[in-house]
Amino acid sequence: MPDENGTRIVLCCGEFDAYTSPLLDKELREAAQGHLSRVILDISQIVFADSAFLSVLITGHRTLTLILAGPLPRQLARLLATTRLDTVLHITPTLATAADYP
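Cut-off values and rules
Residues numbered from 1 in each chain as written. Predicted model: local features only at pLDDT ≥ 70, side-chain atom pairs only at ≥ 80, totals over all residues. Heavy atoms only, no water. Axes fitted to C-alpha atoms, helices over the stretch in contact; angles between N-to-C directions. Helix = DSSP H or I, 4+ residues; strand = E, 2+ residues; numbered from the N terminus. Parallel < 35°, antiparallel > 145°, perpendicular 65-115°, else oblique. Contact = heavy atoms within 4.5 Å. Salt bridge = Lys/Arg side-chain N within 4 Å of Asp/Glu carboxyl O. Buried < 20%, exposed > 50% of the residue type's maximum accessible area, 1.4 Å probe, protein only.

Visitor: So, the packing of helix H1 (residues 21-33) against helix H2 (residues 51-63): which residues are in play, and what are the values?
Guide: One way to put it is that H1 packs onto H2 with a least axis distance of 9 Å and a crossing angle of 5°. Relative to H2, H1 is oriented roughly parallel. Contacts between H1 and H2 involve Ser21, Leu24, Asp25, Leu28, Arg29 and Ala32 on the former and, on the latter, Ala52, Phe53, Val56, Thr59, Gly60 and Thr63.

Take a look at the structure:
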């Protein structure tokens, strides 16, 4: 989606593993280099994610204001809870609430 007011919204759908997660990593790095203040990831359509995806999220969280917009798919919610990343990452229930996140 086009950048607006220093924010980029990225729709994530499908599977995120060692093969596909580098595409998201590239997008987040470009956002950071483009001096965006934050990136909202719409993660409501992810059907599978593994540790490669989590690594991209952690890196993105370190370099950007990264907001995950749900609702969280069940598998992803379990993965984030198991790794306790749900206590570190900014997660909102919907894309609309992510837009209001500071």
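Visitor: Give me the pattern of salt bridges: which residues, what numbers.
Guide: As a working rule, side chains carrying opposite charge can pair if their charged atoms are close by. What the rule picks out here adds up to three salt bridges. Here Glu27 makes a salt bridge to Arg8, at a shortest N to O gap of 3.1 Å. Residue Glu27 is located in helix H1, and its partner Arg8 is located in strand E1 (residues 7-16); the two are separated by 19 residues in the primary sequence. Note that Glu30 is salt-bridged to Lys26, the shortest N-O span being 3.2 Å. Remark: Lys26 and Glu30 occur in helix H1; sequence separation between them is four residues, near one turn of the helix. We classify Glu30 as partly exposed; its relative accessible area is 36%.

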